[in-house]
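Residue-level structural notes
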Amino acid sequence: MMHYNVVFLVLFTIVLYTYAEVSDTDLNDLSEQQNSVQINKCCEENEIAVDSVCRLAEKYNETLWNPIFKTENGEEVKLKYFRFIHGVPNCETTELRPIFDLGKSEDKLNLLSDGRLKHLIHHQVNSESIKNDPLVTSTFNLHDIITMPDSKEPSSYIHNQNKYCMDKILITNSNTTGQYALVCVPVVKINWKDSDFLMKKILNPIFHAIAMILYLTVAIIYFVLPTLRDLAGNIITTINVCLIVSQAADFVRIFTELSNHVSFMVTDIILYISLLGAFFWLNSFGFYIWKTFKSRNVFLRVTDVRKYCYYSSVVWSSVALMAGMAICAHFLLDTGTNPYRKMKKQFSSSILVDDVEQETIGWLGIAIFFTPVAFTIIFNLFFYITTLKVIKRINIYGRIHYKLKGCFDLFLQMFLIMTISWLFLLLSWLNFDALLYAHIVVNLLQAIFIFYTCVVRQSHVTFLLRKSCCYAQPVPTGEWGDEMTHMNGGNY
C-alpha cells in the first residue's frame, strides 16, 4: 500500500510540474502579446496606399503590407508578436512629408525591431536615377528635378514610433509596388551663422514688420487729418492698406514649419489680390490726374466722396473678376508646372482623403493675377506721358493746378517705386539666392521710399502734422481741403 502511495505522489508531482510549465509559457506568451511592438500603419487593416490614397487591397488584387523588421545594421530579424496602430501621426506644428521606397529609389525604409523607422538616403552622383523613378516622372516635371549632391556615404535619420506611419504603396500608372511612409519632419537646429537662414528667417520677417508699420503710418496720417481726405488722399490711404495686407500675407508664408495649420493657398490668394488691388488703385490715381488735367472745368473736393465710391466700385469689381478667373484657372486648368507648387494630401484620422490641395498657387493663376498688373503699368506710362504734355502747354498756374501738379509728382514717384519692387518680386522666383535677397531688401526700401514720398517730402503734410501735434489750435475741418484752407499759408 505504501508503494502505491509513493508512485501516485511521484505521478502527481510530474503532472503538476508539467502543468506549471505550460501555464508559465502561456503567461509569457500573453505578456509578449500585450507588450508587442507597435507599428504605425497609414491605412486600415485591409487597405494599402494606391497613388498615396488608401484603397482596398483586394480591389487591385494586391497583397497586404507585410512588415520586414531589421536591425540598425540592416540585418533582418523576426518578431513573434507585433500589432498595428492605424492612422497618420500627429506632427503638431511640424510638417508631414511622404517617403517612397520603390526599390531603385534613393530612399530606403528600414523598420527596426523596436518599432522605430530608419530612413536611409543613398545619394546619387547625378539625377538620372531620379528621372527613371516612375513616381517622380508621373508627379513632377523633369526640368524641376534638382541634382543630388555627390556623396558616397549614405545619410540616415531614425523616426520614433509615434512620428511616422508606414504601408505598402501601388503606383498605378507604372504598376510599381514598394513601401510608403509619412514622417514628421524633424525640427532643424537653428544655425545662427548661416547667411541664408539669417536673411530668410530673421531679416525678412523684421523687414516685413517695419514695412507694415511704415505703410500703416502713411495710411493713418492721410485718413486722420481731415484736410488730406480728398480723393487723392483716399486713394493713397487705400493703396497703403492694400500693401499692408500683402505684407501680412507674405509674412505668413515665411514660416513654412506652420504649414500644417496655415493654408498657403489662402495666403497666396490674399497676397496676389492685395497686390493687384494696389496697382489698380495706382492706375485709378493716374487716371484721375490725367482726366482732371484734360478737363476744362476743374472742380475739387465737391464730388470727392461720390468719385471715390465710383472708383471703388470699378476697382474692386475688376479685382474680384480677375481673382475669380485666376482661382478657377488654377483649380480647373492648371497642369501643375509650378516648381514651387507642393502637392500635399489632406488626411483624416485614419485614411487619406482623395482631395488634393496645392499649398501654393500655380503659374497659370499667377499669370492671370499679374498680367493685369503689367497692363496697369503700360496705362500708367500713357497717363504720365499725356499728362506731362498737358502740363507743358499750361502757361498760367492756379492754386488748383499747383495742387494737381503735386499729385502728379506723387503719382510718378509711387509708380516708379511700386513698379521696381514688383519687378524684383518677379525676379525673386528665379532659382538664384542673390535675387531673392535683393527682393527682401527692395521690399523694405519700397516701404521707406513710399513713406518718404507721401509724408516727409510733402511740405503741406509735414505742416499739418506739426500743426496738429504741436499747436494748440485745431486743424480746420473745412470742406474744401488743405489747398483752399491754406490758400495764403504758402505751405502747400
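1. A word on the overall build of the protein
Of regular secondary structure, the protein possesses 12 helices and 14 strands. Relative to its full complement of 492 residues, the protein shows a buried share of 41%. Taking the intrachain contacts of the protein between residues at least 6 apart in sequence as the baseline, contacts between residues at least 24 apart amount to 72%. As presented, the protein carries roughly 27200 Å² of accessible surface, and 62% of it is formed by carbon and sulfur atoms.

2. Some details on the environment of threonine 238
Mapped onto the elements of the fold, threonine 238 is located in helix α5 (residues 231-254). Considered as a pair, threonine 238 and tyrosine 222 are 16 residues apart in the sequence and their alpha carbons are 9.7 Å apart. For threonine 238, the contacting residues outside a window of four places in its chain are Trp281, Tyr308 and Trp316. Of note is the side chain of threonine 238, whose polar atom sits 2.7 Å from the side chain of tyrosine 308.

3. Considerations on the packing of helix α7 (residues 304-332) against helix α8 (residues 363-393)
Where α7 contacts α8, the two axes come as close as 7 Å, and the packing angle between them is 160 degrees. The pairing of α7 with α8 is recorded here as roughly antiparallel in orientation. Of the two elements, α7 crosses α8, and the hand of that crossing is right-handed. Along the contact surface, α7 presents Met322, Ala323, Met325, Ala326 and Ala329, while α8 presents Leu364, Gly365, Ile368, Phe369 and Pro372.

4. Observations concerning the nonpolar core
Ranked by size, the top nonpolar core spans 68 residues in total, and within it Tyr222, Phe285, Phe370 and Cys454 carry the most contacts. The set of elements that each furnish at least two residues to this core consists of α4 (195-224), α5, α6 (264-294), α7, α8, α9 (399-428), α10 (433-456) and α11 (459-470). Aside from chain neighbours lying at most four places away, what touches phenylalanine 370 is Tyr272, Leu275, Trp422, Leu425, Leu426 and Trp429.

5. Section: the state of the cysteines
In a disulfide, the sulfur atoms of two cysteines are held together by a covalent bond. Taken as a whole and judged by the stated rule, the model has 2 disulfides. There is a disulfide in this structure between cysteine 42 and cysteine 165, and the S-S distance comes to 2.0 Å. Across the disulfide from cysteine 42 to cysteine 165, rotation about the S-S bond amounts to roughly 95 degrees, and the bridge is consequently right-handed. Within this pair, whereas cysteine 42 is found in the loop between β1 (37-41) and β2 (47-50), its partner cysteine 165 is found in strand β11 (residues 164-171), the two being separated by 123 residues in sequence. Note on accessibility: cysteine 42 and cysteine 165 belong to one class, buried. What pairs with cysteine 43 in a disulfide is cysteine 54, and their sulfur atoms sit 2.0 Å apart. One disulfide, between cysteine 43 and cysteine 54, carries an S-S torsion of -85 degrees and so falls in the left-handed class.

6. Describing the side chain of serine 421
Relative to the assigned elements, serine 421 resides in helix α9. Residue serine 421 is classed as buried on the basis of its relative accessible area of 7%.

7. Observations regarding a nonpolar patch on the surface
Nonpolar side chains collect at one region of the surface, where Leu216, Ile220, Phe223 and Val224 lie side by side and expose about 380 Å² of accessible area between them. In this structure, valine 224 sits in helix α4.

8. A word on the sheet that holds strand β9 (residues 117-121)
The strands that make up a sheet pair up through hydrogen bonds in the backbone, lying either parallel or antiparallel. Overall, mixed pairing links the 5 strands, which are arranged β5-β4-β8-β9-β10 in an open sheet. Each edge of the open sheet carries a strand with a single partner, namely β5 (76-77) and β10 (155-159). For strand β4 (residues 69-70) and strand β8 (residues 107-112), the ladder comprises 2 bridges, and the chain directions are parallel. Bridged to phenylalanine 69 within β8 is leucine 111.

9. Quick word on the side chain of serine 246
The residue serine 246 is located in helix α5 in this model. Here serine 246 falls in the buried class, since its relative accessible area comes to 4%.

10. Thoughts on the pattern of salt bridges
Applying the stated criterion to the full structure yields 7 salt bridges. Between lysine 168 and glutamate 62 there is a salt bridge; the shortest N-O distance is 3.0 Å. Pair noted here: lysine 168 is in strand β11 and glutamate 62 is in the loop between β3 (53-56) and β4, with a separation of 106 residues, a long-range link. Linking arginine 253 and aspartate 268 is a salt bridge whose minimum nitrogen-to-oxygen distance equals 2.4 Å. A residue pair is termed long-range when its members are at least 10 positions apart, and arginine 253 in helix α5 and aspartate 268 in helix α6 qualify at 15 residues. Residues participating in the shared-partner salt-bridge network are Asp250, Arg253 and Asp268.

11. Brief notes about the packing of aromatic side chains
Considering all chains together, one arrives at 19 aromatic pairs under this definition. Seen in terms of ring centroids, tyrosine 272 and phenylalanine 369 are 5.6 Å apart; in terms of plane orientation they differ by 40 degrees. Their pairing is tilted. Here the residue tyrosine 272 occupies a position in helix α6, and phenylalanine 369 occupies one in helix α8, the gap between them amounting to 97 residues. A relative accessible area of 3% means that tyrosine 272 is categorised as buried.

12. A few points about the environment of leucine 79
Within the secondary structure, leucine 79 is located in the loop between β5 and β6 (82-86). By relative accessible area, leucine 79 is classed as partly exposed at 26%. Apart from residues no more than four positions distant in its own chain, leucine 79 is found in contact with Val37, Phe69 and Ser113.

13. A short note on the packing of α4 against α5
Here α4 crosses α5 at 160 degrees, and the two axes come no closer than 9 Å. As far as their axial angle goes, α5 and α4 are roughly antiparallel. Relative to α5, α4 is oriented so that their crossing is left-handed. By residue class, the composition of the contact of α4 with α5 is 16 nonpolar, 6 polar and 3 charged.

14. Some remarks on the pairing of β3
Pairing of β2 with β3, which is carried by 4 bridges, proceeds in the antiparallel orientation. The residue of β3 that forms the bridge with glutamate 47 is leucine 56.

15. Digging into unusual backbone geometry
The phi torsion at asparagine 61 lies on the positive side, around 55 degrees, for a residue other than glycine. For asparagine 61, the location among the structural elements is in the loop between β3 and β4. Asparagine 61 gets classed as exposed once you look at its relative accessible area, which sits at 72%. Residue asparagine 175 is not a glycine yet carries a positive backbone phi of 55 degrees. With respect to the element layout, asparagine 175 can be found in the loop between β11 and β12 (176-184).

About the criteria used
Residues numbered from 1 in each chain as written. Predicted model: local features only at pLDDT ≥ 70, side-chain atom pairs only at ≥ 80, totals over all residues. Heavy atoms only, no water. Helix = DSSP H or I, 4+ residues; strand = E, 2+ residues; numbered from the N terminus. Buried < 20%, exposed > 50% of the residue type's maximum accessible area, 1.4 Å probe, protein only. Contact = heavy atoms within 4.5 Å. Areas by Shrake-Rupley, 256 points an atom, 1.4 Å probe, with all protein chains shown as cover. Polar contact = N/O pair within 3.5 Å; in protein donor to acceptor, adjacent residues only side chain to side chain. Axes fitted to C-alpha atoms, helices over the stretch in contact; angles between N-to-C directions. Parallel < 35°, antiparallel > 145°, perpendicular 65-115°, else oblique. Left-handed = near helix turned anticlockwise from the far one by under 90°. Core = buried A, V, L, I, M, F, W, Y, C linked by side-chain atoms within 4.5 Å. Disulfide = S-S within 2.5 Å. Patch = residues over 30% accessible without salt bridge, like charges linked within 9 Å, V, L, I, M, F, W, Y side chains within 5 Å. Salt bridge = Lys/Arg side-chain N within 4 Å of Asp/Glu carboxyl O. Pairing = 2+ DSSP bridges. Phe/Tyr/Trp six-rings, centres within 6.5 Å; stacked < 30°, edge-to-face > 60°. Nonpolar A, V, L, I, M, F, W, Y, C, P; charged D, E, K, R; others polar.

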